[in-house]
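Each chain, letter by letter, is given below.
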Amino acid sequence: CTYVLVNTVIQYPNLLCTSEITSNLILRALSNVAQVGSGSLSSTIFNNVTTSVKVLLNSCQSMMAIGQTPSQIITGNIRTVNSLVDKTSDPANLCLTPQYNIEKFVSSSSTNLCSNLSSYSSNPVGLSIVQYVNNPKRHTSNASSLTFQNVQYPSTSTTT
């Protein structure tokens, strides 16, 4: 099942974010793989799940508007936040924190990441953060496992 899921995600990225429901279901399935293999997940499977999550986030970014409120998908094992920004974006969209709304409401401590776009050109930049909550590779650490990705997109200006 994992093989089919991962290969479907990688081969058909244009179908992943056709709706919020679709992207949530796909991430939930990938999260379940991480949970089932918790502690015994092979490096190959973990890398395939990680690649699939990146493909999912990139696909969703391609459908976002610059400056749109960051989207997040949170499951029991994987938390993601995804944003498409540029130098004129609201600074609040440059800080990504994967949290449930209730965690935000009660000001629960969390892992977050803020990006400084001063070194980027004026082109859009996709920012993504992925947190593996259950430590699927069982690395000894007193910190959260976090992956950050930024993708600089070409200019979207058109001529008439």
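The rules we used
- Residues numbered from 1 in each chain as written.
- Predicted model: local features only at pLDDT ≥ 70, side-chain atom pairs only at ≥ 80, totals over all residues.
- Heavy atoms only, no water.
- Helix = DSSP H or I, 4+ residues; strand = E, 2+ residues; numbered from the N terminus.
- Buried < 20%, exposed > 50% of the residue type's maximum accessible area, 1.4 Å probe, protein only.
- Contact = heavy atoms within 4.5 Å.
- Disulfide = S-S within 2.5 Å.
- Core = buried A, V, L, I, M, F, W, Y, C linked by side-chain atoms within 4.5 Å.
- Expected span 1.5 Å × (residues − 1).
- Arc of directions from axis to C-beta.

(A) Fine view of the overall build of the protein. Of regular secondary structure, the protein possesses 4 helices and 6 strands. Secondary structure elements of the protein occur, N-terminal to C-terminal, as α-α-α-β-β-β-α-β-β-β. Per-residue burial over the protein gives 39% buried out of 160 residues. Sequence separation of at least 24 residues holds for 64% of the intrachain contacts in the protein that already meet a minimum separation of 6.

(B) Representation of the state of the cysteines in the model. Tallying each qualifying case throughout the model produces 1 disulfide. One disulfide bridge connects cysteine 17 with cysteine 60, the sulfur atoms lying 1.7 Å from each other. Between cysteine 17 and cysteine 60 the sulfur-sulfur dihedral comes to about -60°; the bridge is accordingly left-handed. A residue pair is termed long-range when its members are at least 10 positions apart, and cysteine 17 in the loop between helix H1 (2-11) and helix H2 (20-36) and cysteine 60 in helix H3 (residues 43-61) qualify at 43 residues. For cysteine 17, a relative accessible area of 11% translates into the label buried.

(C) Examining the environment of lysine 87 more closely. Summarising the element assignment, lysine 87 is placed in the loop between strand E2 (78-85) and strand E3 (95-96). For the pair lysine 87 and asparagine 123, spaced 36 residues apart in sequence, the C-alpha separation works out to 8.1 Å.

(D) Layout of the nonpolar core. By size, the foremost hydrophobic cluster in this structure holds 21 residues, and its most contacted members are Leu16, Leu30, Val53 and Leu56. Broken down by secondary-structure element, the contributors of at least two residues to this core are H1, H2, H3 and strand E5 (125-132). Here the element with the most residues in this core is H3; it accounts for 7 residues. Counting residues in each nonpolar core, the second largest holds 6 residues, with Val81, Val85, Leu96 and Ile129 among its members.

(E) Quick look at H3. Helix length check: H3 (19 residues) gives 27 Å between terminal C-alpha atoms against 27 Å at 1.5 Å per residue, within 8%. Turning to H3, its buried residues number three or more, namely Phe46, Val49, Thr50, Ser52, Val53, Val55, Leu56, Leu57, Ser59, Cys60 and Gln61.

(F) Layout of the environment of glutamine 35. Note on placement: glutamine 35 falls in helix H2. Once the C-alpha coordinates of glutamine 35 and asparagine 134 are considered, the two residues, 99 residues apart in sequence, prove to be 7.3 Å apart. Not counting residues within four places of it along the chain, the set of residues in contact with glutamine 35 comprises Asn77 and Asn134.

(G) Looking closely at H1. Taken together, the buried positions of H1 are Leu5, Val6 and Val9. The buried residues of H1 occupy an angular sector of 90° when the element is viewed end-on, so they sit on one face. In H1, the exposed positions angled more than 90 degrees off the buried face are occupied by Tyr3, Val4 and Gln11. Residues of H1 that are buried in the fold lie against H2 and H3.

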